[in-house]
Structures are given as C-alpha cells and as structure tokens.
Amino acid sequence: MTRLCLLPGLLVLTSLNGFASGPGDRVATDPRSVVSAENAATSAPMPVADLLQTVRIGGATWSPDGKQIGYVSNSSGRLNLWVMQADGTGPRQLLKSDDRQSNPVFTKDGKEIVYEQDKGGDELYDLYAVPVAGGDPRNLTNTDKTSESEPQFSKDGKWMAFVTKEKVASSTNIAVMDWATGKVRLLTNEKEPKAFWDVVDWSPDGRYVYAGRQVGNDDADVYRIEVATGAAENLTGHKGNVLVYGSEVSPDGKTLLISSNEKGGYPNIALLDLASKKKRWVTDTQWEARPGSFSPKGDTFTYVLNADGRATIYFVDTKTLKASDRGVPAGLNTAGAAPTAFREDGSYLFSHQDSTHAPNLYLLSTGGAVTQVTHNESPVLTSAVLPSSQLVTYKSFDGKMISALVWVPFNLKRDGTAPVVVMPHGGPTGQTLDSFSPRAILLVSRGFVVIAPNVRGSTGYGMEFEKANYKDLGGADLKDEIAGVDFLKSTGFIDAKKVGIWGGSYGGFMTLMAIGKNPDLRAAAVDEYGILNWYTMLAHEDARLQEYEKTLLGDPVKDKSVYEASSPLKYIRDEKAPLLVLQGERDIRVPKEEAEQVVEILKKEGRTVDAVYYPEEGHGFIKREHQVDELTRSVDWFEKYLKGVTNTQ
C-alpha cells in the first residue's frame with residue numbers, strides 16, 4: 001500500500017508495508033520469499049474458449065444526461081459498439097461488424113454516438129455516427145487514404161475536433177468539423193516528420209481547442225488553438241526535452257490539468273494557470289503520475305499514480321491539494337469513461353482489475369459508495385481459483401534494478417522441476433501492468449511458472465530508464481530478461497532446461513532475439529508479430545512507426561551497425577528452440593514480411609517451426625475465433641516442447 005502525505009504545496013508519495021516510494025527505493029526481493037500458495041480446491045487447467053467468454057469492454061462514455069453508457073464490447077466476438085443503462089442493465093448492441101470500432105462519444109443532444117472504425121485491422125479509421133435508438137450508421141469522413149480518430153465535441157456540441165493522418169504521412173494533425181454542415185477544416189499543418197498531435201480538450205466557450213504536440217519520444221507541449229483562425233499558442237514552452245501532457249480544462253476555463261517530467265524525467269501532476277502560464281505542482285514522485293479529469297463543479301480533480309505497474313486513482317481538492325483514493329479498492333484502477341469519467345452529479349466511473357479479476361466498470365457515488373456496474377467474467381472464471389501475481393525486484397547483470405510480475409502455480413514444490421515461460425512486453429516504450437492476463441492464467445493453471453519483467457526501455461520508471469536501451473535493442477534489455485530467469489532459479493521452483501518465451505510486437509522481437517542470440521537458454525518459443533530485420537521493417541511499416549524506429553536506433557545509414565546488431569536476423573540461424581509464429585495479414589505496424597522471413601529461413605535450416613497468418617487482422621488479433629486459435633496453439637506449443645504433453649485442448 002501507499003499513502004499520500006500532505007506537505008505545503010505538494011503531495012509526496014511515501015511507503016507503507018515495504019513497498020517502494022519510487023523506483024530508486026526498490027530493494028532486491030529474496031527469491032525464497034516467492035511462494036506457491038497451498039490450495040486444496042485448485043481448478044483444472046483453464047479452458048481457452050471458456051476463459052475468452054469473459055467479456056472485454058473499453059472506450060466507455062457518458063450520455064449527456066448521465067442515464068446511459070456507450071461502450072465498445074467483444075461480447076459478440078467482435079469489438080463492436082454497445083449501449084447500456086448507467087447501472088449496467090439493458091446492454092444493447094448498436095452495430096454488428098467484423099471491423100473494430102473504438103473511441104465512442106455522444107453528441108450533445110444524446111441522439112447519436114460518434115465512433116471510429118477501420119477496415120480489417122488496417123488502422124485507416126473513418127468517423128461514423130449511429131443513432132442511439134437504432135438504425136444505420138453514416139460515414140462522416142469517408143476517406144480511403146486518410147485516418148480520422150479521437151473525436152471530441154465542444155461543450156455546446158457545435159464543433160467536433162479529431163486527429164487526422166494521411167496514410168503516407170508520419171505526422172498527425174488536428175481538424176475540426178462543423179457539426180451542422182459536416183464541413184471539415186484543418187487547424188494544424190505539421191511539417192516535422194517526427195511530430196504528432198492529439199486532442200486534449202475544448203475551452204468551455206468553444207473558442208479554443210487544446211491540443212498536445214509531441215516530437216519524438218521525449219519532447220511534448222500543450223497548445224491552445226483558436227478555431228476561427230487556427231492561431232496556435234504554446235502554453236508550456238520549456239528548455240531542453242520535456243514531456244508535458246494535458247488532460248482537461250477546468251469548468252471555469254482558467255486552469256489546465258497537466259503532467260510534466262521536468263523533475264528529473266519523472267512525470268508529475270501540476271495545475272497550469274492559463275493566464276499566467278504558471279504551474280502549481282500537485283505531486284512530487286518518481287513513480288508515473290498521469291492527469292485525469294475535473295469534477296463538474298471544478299472543486300475536485302483526479303490523477304492516476306502508476307507505482308510499479310499498479311495504478312491508484314487519487315481525488316484531489318482543488319483548493320487545498322489534499323488527496324484521497326476515496327476507498328477505491330487496490331489494484332489496477334483507471335478512469336472508466338472518456339472524455340471525462342465524472343457524471344454531472346459528481347459520481348465517478350472507473351475501471352478496476354487485478355491479476356485474478358477481469359476488468360469491470362464501477363461507479364463511485366458522491367457519498368463514497370462503490371457499486372459494480374458490469375459483470376464480465378465467464379462462468380468458468382467466476383468459479384475458478386487462481387493464484388495471484390507476485391511483484392518482485394532483482395538486480396540485472398550490471399546492478400540495475402528490474403521489476404517483474406511472477407505467477408506461481410498452487411502447491412508447487414521447490415524441487416527445480418517446473419517449466420517457466422518468460423513474457424516480454426511490447427513497445428519497447430511500454431510496461432507490463434499488474435492486470436488480468438489470460439496468457440498467464442492459462443499457463444499457471446497448467447503448472448508453468450510465468451515471469452513478465454519490465455526491462456530497461458520500459459515506461460513507468462523515469463526517462464533515464466526508458467532510454468537505457470536506445471541503440472541497444474535486444475542487448476542489455478535481453479540480459480535483463482535472462483537475469484529474471486536466474487532469479488527464478490534461485491527460488492528453487494524451476495527447471496533451467498525448461499524455459500520458454502512468448503511475446504508480441506516488441507515482445508516478439510525479444511522472443512526472436514532470445515532464441516537466436518542465446519540458443520541454449522530457451523527450449524520453446526512463440527513469436528507473435530515480432531520484428532526480424534529493422535531494415536525491412538523500415539521499408540514496409542507505417543510512416544509514423546518509421547520515425548519511431550529511428551528514435552530508437554538512429555539514422556539507418558550512419559548507424560548501420562546498430563541496426564544490424566539489433567536485428568534478430570543476424571542470429572536467428574543459430575536458434576534451436578521450436579518456434580511458433582503468429583501474424584495478422586494486414587498488420588501495418590509489424591508487416592507480415594517479418595514473419596515470412598523468419599519462417600522461410602528456419603525451414604531452410606531444417607528447424608522446427610510453424611506459422612499461422614490470420615486474415616483480416618492487424619496488429620493483435622481481435623476476432624474471438626482467432627484469439628481462441630492463437631491461445632490454444634500457443635499453450636499447446638509449450639505443453640508439447642516444455643512438458644512433453646500433446647493434445648491438451
């Protein structure tokens with residue numbers, strides 16, 4: 001647990017019950033403190049199809065009258081738009097489509113919901129509007145080579161701001177639509193290839209759009225753009241590289257809620273006075289603090305504190321800066337609705353999950369009562385007994401502290417016989433959170449120990465840590481993964497000859513790098529849409545991702561040796577582990593050429609390799625039948641090659 005101690009002018013995170021008050025205060029975990037809980041009522045191996053009947057929801061948004069919630073759900077096996085009553089009753093599917101829908105928002109009159117939808121995972125989104133009462137959607141933008149996303153209405157409903165990106169462009173821009181006429185006008189005209197814009201909020205009078213402009217991975221500002229003229233004013237100008245993000249303007253239009261990492265590279269919360277441009281600091285922490293929303297009266301605002309992958313929502317008195325979690329249960333908690341989680345009566349919608357409970361929406365009343373709104377668990381999950389994740393910290397090869405989540409099966413003996421699967425996260429600028437993980441649940445219920453490290457390059461531990469693998473992808477960060485397995489060896493649970501690795505995107509890259517660079521350390525691997533060759537990635541990936549890649553690896557000509565040393569292509573012919581490759585046919589982030597190269601090379605080498613290419617899928621698989629196939633194949637792969645068991649499903 002953590003608590004906030006009120007000091008003059010700011011909130012400082014302190015430590016309770018042994019948890020670190022910041023990344024620098026972490027201490028190495030005693031391996032023998034990692035336990036296998038005893039449980040006589042353990043469940044049988046979790047069935048993949050039954051587990052995936054647990055409904056996932058996202059993108060929730062309040063109706064203007066607070067009586068309904070629009071949201072995206074995969075209840076039908078597709079990510080489609082639904083609506084329900086504010087208490088969770090009466091869920092109704094508004095749209096049925098094989099294509100994914102996201103980011104819904106109600107119109108001012110509450111009669112329609114605007115949302116974005118792509119085609120077969122191509123991430124070229126159009127904006128649509130559909131009647132809440134039912135009926136056919138209408139395409140508002142209808143562009144073939146431009147993506148429009150993140151719709152947000154002005155307070156009076158007359159304008160809609162959104163992000164626009166040309167297919168061939170690397171940068172994004174802000175546009176507005178006159179809701180009455182449908183006419184669209186660009187507010188920005190970005191020329192910097194490494195820059196991209198996002199919608200932050202509207203001024204209460206509808207005169208301005210507040211927008212974020214980020215350049216590369218380490219510099220960002222918030223701008224105020226006049227809708228009538230397009231004149232843009234930088235509100236957060238600074239020296240050097242600083243990341244400043246905005247979230248919401250106060251109801252009186254005088255204050256912007258922001259985060260800034262100018263304090264040593266750690267994001268902290270501040271209130272920005274829009275007249276004077278002066279910041280009033282709210283937090284002083286080395287964990288990751290992200291800004292939230294103002295209450296309808298403006299007397300309270302929220303932020304989310306991510307401390308080592310566990311997130312707490314804090315409610316702060318605007319005048320005194322006194323903060324409280326208001327009794328929201330510990331776990332991974334985030335705002336449950338956008339653009340604001342507050343309802344007009346002051347109640348607050350949030351999402352809660354942890355390692356043994358699937359994400360659900362909850363409502364926090366103004367009186368402090370917490371009511372569960374959704375009940376998403378499948379029947380098999382509701383009755384299952386699951387071991388909780390365990391947060392550990394260990395020293396890597398050079399002494400750097402690495403955090404990881406570990407799952408240990410029930411009733412496991414310390415006899416060094418258990419197989420283990422490493423789960424590297426995507427990114428690399430990402431983080432494994434202490435969330436509900438179907439992969440971990442499926443594996444641990446079958447007797448596998450699982451570890452998911454947040455290696456150098458991960459977010460959540462400050463900018464210095466995030467940049468610690470620049471121009472060294474698959475180098476020291478891979479050694480951090482290896483050190484995690486060494487830590488597990490010291491627990492006495494695992495067999496060092498039965499180590500698998502399973503990752504997607506950058507995690508897939510780490511998978512390929514691991515089996516090629518250290519072939520004797522892995523006995524089985526599953527690569528989902530991972531990168532083999534950074535040069536072919538550069539040739540085929542989306543233009544915005546090309547610029548992202550360059551920020552990580554440098555100039556592709558001047559830094560040729562870096563690209564080559566960081567590509568699994570250099571090492572993959574040395575791999576020995578049986579490899580399963582899973583890939584979406586229409587992935588614009590890691591195109592299928594990467595998977596095809598891996599499979600072709602290993603087949604020519606006579607290695608054990610299998611591959612599945614899922615049609616009409618992009619970066620990650622959203623159709624339930626593909627998810628069932630993905631997880632079934634992957635679990636069977638590890639059962640076969642780490643345990644010698646076949647036909648488990």
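Refer to the structure above for everything that follows.
Position numbers for residues count from 1 along each chain, tracking the sequence in the order it is written. With pLDDT at 70 or above as the cut-off, local features in this predicted model cover only qualifying residues; side-chain atom pairs require 80 or more to be listed or tallied, and sums for whole chains, interfaces and linings still use all residues. As a rule here, side-chain values come from all non-hydrogen atoms in the structure, and water together with hydrogens is ignored.

Draft legend 1. Layout of the overall build of the chain. The numbering of helices and of strands both runs from the N terminus, where a helix is a DSSP run of H or I of at least 4 residues and a strand a run of E of at least 2. Summing up its helical and strand segments, the chain has eleven helices and 39 strands in all. Radius of gyration: over C-alpha atoms. The globule rule applied is 2.2 Å multiplied by the number of residues raised to the 0.38 power. Computed over its C-alpha atoms, the radius of gyration of the chain comes to 24 Å, within 12% of the 26 Å expected for a compact globule of 649 residues. Seen along its three principal axes, the alpha-carbon backbone of the chain occupies a region of about 65 × 50 × 50 Å. The contacts of the chain with a sequence gap of at least 6 include a subset with a gap of at least 24, amounting to 54%. Carbon and sulfur atoms provide 49% of the accessible area of the chain, an area that totals close to 25,500 Å². The contact definition used throughout considers only heavy atoms, calling two residues in contact when any of these lie within 4.5 Å. Throughout, the Shrake-Rupley method with a 1.4 Å probe supplies accessible areas, and for residues the shown protein chains are the sole cover considered.

Draft legend 2. View of the pairing of strand S4 (residues 68-73). Between buried and exposed lies partly exposed: a residue is buried under 20% and exposed over 50% of the maximum accessible area for its type, with that area taken using a 1.4 Å probe on protein chains only. Burial within S4 is extensive, with six of its six residues counted as buried. Going residue by residue along S4, you find Gln68, Gly70 and Val72 tucked away on one face and Ile69, Tyr71 and Ser73 tucked away on the opposite face as well. Should DSSP find at least two bridges between two strands, the strands are regarded as paired. The hairpin turn running from strand S3 (residues 57-62) into S4, its antiparallel successor, is five residues long, and glycine 66 in that turn takes a positive phi close to 75°. Of the strand pairs in this sheet, S4 and strand S5 (residues 80-85) are connected by six bridges, and their pairing is antiparallel. Each bridged residue has a counterpart across the sheet, and for isoleucine 69 the counterpart in S5 is methionine 84. A loop of six residues connects S4 with S5, the two strands running antiparallel in sequence, and glycine 77 in this loop sits at a positive phi of about 95°.

Draft legend 3. Representation of the packing of helix H5 (residues 476-491) against helix H6 (residues 506-517) in the model. The contact between H5 and H6 brings their axes to 11 Å, and the two run at 80°. With respect to H6, the element H5 is oriented roughly perpendicular. Of the residues in H6, those in contact with Asp477, Leu478 and Glu481 of H5 are Tyr506, Met510, Met513, Ala514 and Lys517. By the convention adopted, Pro, Cys, Tyr, Trp, Phe, Met, Ile, Leu, Val and Ala count as nonpolar, Lys, Arg, Asp and Glu as charged, and the other residues, Gly among them, as polar. A breakdown of the residues in the contact of H5 with H6 according to their chemical character gives five nonpolar, no polar and three charged. Axes here mean lines fitted to C-alpha atoms, for a helix over just the part in contact, with angles spanning 0 to 180 degrees between N-to-C directions. Here is the rule for angles: anything less than 35 degrees is roughly parallel, anything more than 145 is roughly antiparallel, 65 through 115 is roughly perpendicular, and the remaining ranges are oblique.

Draft legend 4. Geometry of the packing of aromatic side chains. Aromatic pairing here means that ring centres of Phe, Tyr or Trp (its six-membered ring) are within 6.5 Å. Orientation follows from the plane angle: under 30 degrees is stacked, over 60 is edge-to-face, and everything else is tilted. With the rule as written, the count across this model stands at 18 aromatic pairs. Ring geometry for tryptophan 637 against tyrosine 641: centres 4.9 Å apart, planes inclined by 55°, an arrangement best described as tilted. Here the residue tryptophan 637 and the residue tyrosine 641 both occupy positions in helix H11 (residues 624-643), the gap between them amounting to four residues, near one helical turn. Of the residues examined, tyrosine 641 reaches a relative accessible area of 27% and is grouped as partly exposed. In textbook terms, an aromatic cluster arises when at least three aromatic residues are bridged by ring pairs, as seen for Trp287, Tyr461 and Phe465. Whether a charge sits over a ring depends on NZ of Lys or CZ of Arg being within 6 Å of the ring centre and within 35 degrees of the ring normal. The aromatic ring of phenylalanine 397 is capped on one face by lysine 479, whose charged end is 4.7 Å from the ring centroid. Sitting over the face of the ring of phenylalanine 196, arginine 544 holds its NZ or CZ atom 3.9 Å from the ring centroid.

Draft legend 5. Geometry of the sheet that holds strand S9 (residues 126-131). Spatial ordering of the open sheet is given by S7-S8-S9-S10, a layout of four strands whose pairing is antiparallel. The open sheet is flanked by strand S7 (101-106) and strand S10 (138-139), the only strands paired with a single partner. With two bridges joining them, S9 and S10 adopt antiparallel strand pairing. Bridged to tyrosine 128 within S10 is asparagine 139.

Draft legend 6. Spotlight on the environment of alanine 384. Note that alanine 384 resides in the loop between helix H2 (379-383) and strand S32 (390-395). Take alanine 384: its relative accessible area is 19%, and that puts it in the buried class.

Draft legend 7. Up close: the pairing of strand S39 (residues 609-614). Sheet topology note: the strand S38 (residues 579-584)/S39 ladder contains six bridges and is parallel. In the sheet register, valine 581 faces S39, and the bridge partner there is alanine 611. When the strands point away from the viewer and the path from the first strand over the helix to the second turns clockwise, the crossover is right-handed. The parallel pair S38 and S39 is bridged by helix H10 (residues 592-604), and the resulting crossover is right-handed.

Draft legend 8. Local environment of H6. Taking 1.5 Å of rise per residue, the twelve residues of H6 would be expected to cover 16 Å, and the 16 Å separating its terminal C-alpha atoms lies within 8% of that figure. Of all twelve residues making up H6, eleven are buried, and the element is well covered by its neighbours. If you check which residues of H6 are buried, you get Tyr506, Gly507, Gly508, Phe509, Met510, Thr511, Leu512, Met513, Ala514, Ile515 and Gly516. Each residue after the first adds 1.5 Å to the expected span of a helix.

Draft legend 9. Just the sheet that holds strand S37 (residues 524-528), in detail. Pairing in this open sheet of eight strands is mixed, and the strands run S32-S33-S35-S34-S36-S37-S38-S39 from one edge to the other. Each edge of the sheet is formed by a strand with only one pairing partner; in this case those strands are S32 and S39. Pairs of neighbouring strands in the sheet enclose a mean axial angle of 20°, with direction left out of account. Looking at chain direction, S32 and strand S33 (residues 401-407) are connected through six bridges and run antiparallel.

Draft legend 10. Molecular detail of the side chain of aspartate 218. As for its placement among the helices and strands, aspartate 218 is situated in the loop between strand S16 (208-215) and strand S17 (219-226). Engagement of the side chain of aspartate 218 in a polar contact is seen with the side chain of asparagine 241, the distance being 3.2 Å. Side-chain atoms alone can form a polar contact between residues adjacent in sequence; in general such a contact is a pair of N or O atoms within 3.5 Å, and within protein one must be able to donate a hydrogen while the other accepts it. Side chain to side chain, aspartate 218 and lysine 467 meet in a polar contact 2.6 Å long. Look past the residues within four positions of aspartate 218 in its chain and what remains in contact with it is Asn241, Val242, Leu243, Met463 and Lys467.

Draft legend 11. Summary view of the nonpolar core. In plain words, nonpolar cores are sets of buried Ala, Val, Leu, Ile, Met, Phe, Trp, Tyr and Cys residues tied together by side-chain atoms within 4.5 Å. Core analysis: the biggest nonpolar cluster contains 106 residues, and Phe301, Trp534, Leu579 and Phe638 have the highest contact counts within it. Of all the elements, H6 adds the most residues to this core, at seven residues. In this structure, Val242, Val249, Ile258 and Trp281 belong to the second largest nonpolar core, which totals 14 residues.

Draft legend 12. The environment of threonine 181, seen in detail. Along the chain, threonine 181 falls in the loop between strand S13 (173-178) and strand S14 (184-186). Residues threonine 181 and lysine 158, spaced 23 residues apart in sequence, show a C-alpha to C-alpha distance of 9.8 Å. Polar contacts involving the side chain of threonine 181 include one to the main-chain amide nitrogen of lysine 183, which spans 3.2 Å.

Draft legend 13. Up close: the pattern of salt bridges. In the sections that follow, a salt bridge refers to a side-chain nitrogen of Lys or Arg positioned within 4 Å of a carboxyl oxygen of Asp or Glu. Enumeration over the complete set of coordinates arrives at 34 salt bridges. Among the salt bridges present, the one from lysine 155 reaches aspartate 201, with a minimum N-O distance of 3.0 Å. You can see lysine 155 sitting in the loop between strand S11 (146-153) and strand S12 (159-166) and its partner aspartate 201 sitting in strand S15 (residues 195-202), a full 46 residues away along the chain. Of the charged contacts, one joins lysine 467 and aspartate 218 as a salt bridge, the two residues approaching to 2.6 Å between their closest N and O atoms. With lysine 467 in the loop between helix H4 (463-466) and H5 and aspartate 218 in the loop between S16 and S17, this pair connects stretches of sequence that are 249 residues apart. When salt bridges with common partners are traced through the structure, they connect Arg78, Asp98 and Glu625 into a single cluster.

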